[in-house]
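Residue strings, one per chain:
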Amino acid sequence: MTALIAMWEVRAADNRLDDLLSWVLERVTESARVYKSELGEPRVVVIDSTGQAETLLATPPHDLVARAPHCWNFEEVRNG
């Protein structure tokens, strides 16, 4: 059975990227990889190999986000 990997992404509200990032880091598993981007629209992306990101990050505070988060589940594919 192939494990699902969750990718969670959200755009931060104006001037709230650091607050959103703190909120995310308090909730994700230690194995999750968390990224931020300040270029263009400020965003936080989480890659979670446990597949729990969607559940753990389901309801970010409305004042921290510019829109609802998106989450996709992937399965790893190897060539060969």
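Thresholds applied
- Residues numbered from 1 in each chain as written.
- Predicted model: local features only at pLDDT ≥ 70, side-chain atom pairs only at ≥ 80, totals over all residues.
- Heavy atoms only, no water.
- Pairing = 2+ DSSP bridges.
- Helix = DSSP H or I, 4+ residues; strand = E, 2+ residues; numbered from the N terminus.
- Axes fitted to C-alpha atoms, helices over the stretch in contact; angles between N-to-C directions.
- Contact = heavy atoms within 4.5 Å.
- Buried < 20%, exposed > 50% of the residue type's maximum accessible area, 1.4 Å probe, protein only.
- Lys, Arg positive; Asp, Glu negative; His and termini not counted.
- Salt bridge = Lys/Arg side-chain N within 4 Å of Asp/Glu carboxyl O.
- Polar contact = N/O pair within 3.5 Å; in protein donor to acceptor, adjacent residues only side chain to side chain.

Our next topic: the sheet that holds strand β4 (residues 70-75). Read across the sheet, four strands follow the order β2-β3-β1-β4 without closing on themselves; strand pairing throughout is antiparallel. The outermost strands of the open sheet, each flanked by one partner alone, are β2 (33-37) and β4. Neighbour-to-neighbour, the strand axes of this sheet turn through a mean angle of 15 degrees, independent of strand direction. As paired strands, strand β1 (residues 4-11) and strand β3 (residues 43-48) are joined by six bridges and run antiparallel to one another. From the neighbouring strand, tryptophan 8 faces β3, where its bridge partner is valine 46. Sheet strands in contact with helix α1 (residues 17-25) are β1, β2 and β3, and its direction is about 175 degrees off that of β2.

Here aspartate 48 lies in strand β3. Look at aspartate 48: it is buried, it has no salt bridge, and the nearest opposite charge is arginine 33 at 8.8 Å. Of the polar contacts made by the side chain of aspartate 48, one reaches the backbone nitrogen of glutamine 52; its length is 2.8 Å. Setting aside residues no more than four positions away along its own chain, aspartate 48 makes contact with Leu4, Ile5, Ala6, Thr29, Ser31, Ala32 and Ala53.

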